[in-house]
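# Understanding the architecture of this molecule
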Amino acid sequence: MFTGIIESVGTLRKIARRGDDIRLTVASGQLDLSDVKLGDSIATNGVCLTVVECLDDGYVADISAETVALTGFSRYQVGQKVNLEKAVTPTTRLGGHMVSGHVDGMALVKDRLFRGQAIEFWLNAPKGLSRYIAHKGSITIDGVSLTVNEVTEHDFRLTIVPHTAEETTLIDLKVGESVNLEVDLIARHLERLMQFSGDNGQENEGVTMDLLARSGFLR
C-alpha cells in the first residue's frame, strides 16, 4: 500500500526484455534504501514493483507482461525519470490517499495550462474508467496522489501546485503524452459489491433507484 506522496525521482538505468516480461534496474536518486530488503515493494511511476535485487544506489525489479501492457513501461526508455515511493508502514503519515500500485490503464494528456503558479492538466480517461473519477475525488497519476478538480464525460482536470511539480516528473509532462492511471480503489470495490445483493449472492443491475430506496437513501 502507498500514499501517492512521492519520495524521490529516480532514473531507469537498464531495461532488459525477457520475452514479454521486463527486468528493470532503477537508480533511486535520493530515496533512502537503508531499510529496503529483498521482497519489499516500491511504487515506480505508480506501479507496485517487488525488489528482487538490492543495489547500493538502486534496485532491480521484474515486470510481468500484463503490467507492461497496461502501463507506460511498454514504451519507456533507458534514462526515463520515474516517481518513487516506498510502501507505507504503520507509522507512515497518510498524506495522500490509499494507493495500491495496481495501475488500471493509461490516460492521455490533452491540454496543459498555467493558472497563477500552478500547472493545470486536462486528461482523457480510458474507456471504462471515467465512471470511477469524481469531482474532488482522489486519483493517482504516475504514482502521484492528486485531487480531481473538474470532470466531463471522459475528461478530467488536475491542478499541480509548484512543490508537487518540482518534486515529481509531472513538471515535464507534455500534451500528447500518456500517464499511468490508478482510480480510487474504494470506488472499484464498491461497484463490485453493488453488483450483488442478498445472502444468496444473486447478481443485480447495480445501483438502481429501487436499491437506493431500499437502502434508505430515498424517501
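These lines cover the structure that appears in this document, whether it is placed above or below. None of these values were measured; they are calculated from a predicted model. (Residues numbered from 1 in each chain as written. Predicted model: local features only at pLDDT ≥ 70, side-chain atom pairs only at ≥ 80, totals over all residues. Heavy atoms only, no water.)

## Things to note about the pattern of salt bridges
- Overall, the coordinates contain 9 salt bridges when judged by the stated rule.
- With a shortest N-O distance of 2.9 Å, lysine 110 and aspartate 155 are connected by a salt bridge. Highlighted residues: lysine 110 in strand β7 (residues 105-115) and aspartate 155 in strand β11 (residues 155-160), separated in sequence by 45 residues.
- Judged by its relative accessible area of 43%, lysine 110 is partly exposed.
- Salt-bridge contacts for glutamate 120 lead to arginine 157; the nearest nitrogen and oxygen are separated by 2.9 Å. Of the two residues, glutamate 120 is situated in strand β8 (residues 118-124) and arginine 157 in strand β11; the sequence distance between them amounts to 37 residues. Of the two residues examined, glutamate 120 and arginine 157, each falls in the buried class.
- Several salt bridges share partner residues, and in doing so they unite Arg115, Glu120, Glu150 and Arg157 into one network. (Salt bridge = Lys/Arg side-chain N within 4 Å of Asp/Glu carboxyl O. Helix = DSSP H or I, 4+ residues; strand = E, 2+ residues; numbered from the N terminus. Buried < 20%, exposed > 50% of the residue type's maximum accessible area, 1.4 Å probe, protein only.)

## Quick notes on unusual backbone geometry
- Residue lysine 136 is not a glycine yet carries a positive backbone phi of 70°.
- The topology assignment puts lysine 136 in the loop between β8 and β9 (138-141).
- Positioned with a positive phi, aspartate 142 is a non-glycine residue whose angle comes to about 50°.
- Summarising the element assignment, aspartate 142 is placed in the loop between β9 and β10 (144-151).
- By relative accessible area, aspartate 142 is classed as buried at 6%.

## Notes on the nonpolar core
- Membership of the largest hydrophobic core comes to 24 residues, with the highest contact counts inside it found for Leu123, Ile139, Ile141, Phe156 and Leu158.
- Of all the secondary structure elements, the ones that give two or more residues to this core are β7, β8, β9, β10, β11 and β12 (178-182).
- Filtering out sequence-adjacent residues up to four positions away, isoleucine 141 remains in contact with Leu123, Leu146, Phe156, Leu158, Leu170, Val179, Asn180 and Leu181. (Core = buried A, V, L, I, M, F, W, Y, C linked by side-chain atoms within 4.5 Å. Contact = heavy atoms within 4.5 Å.)

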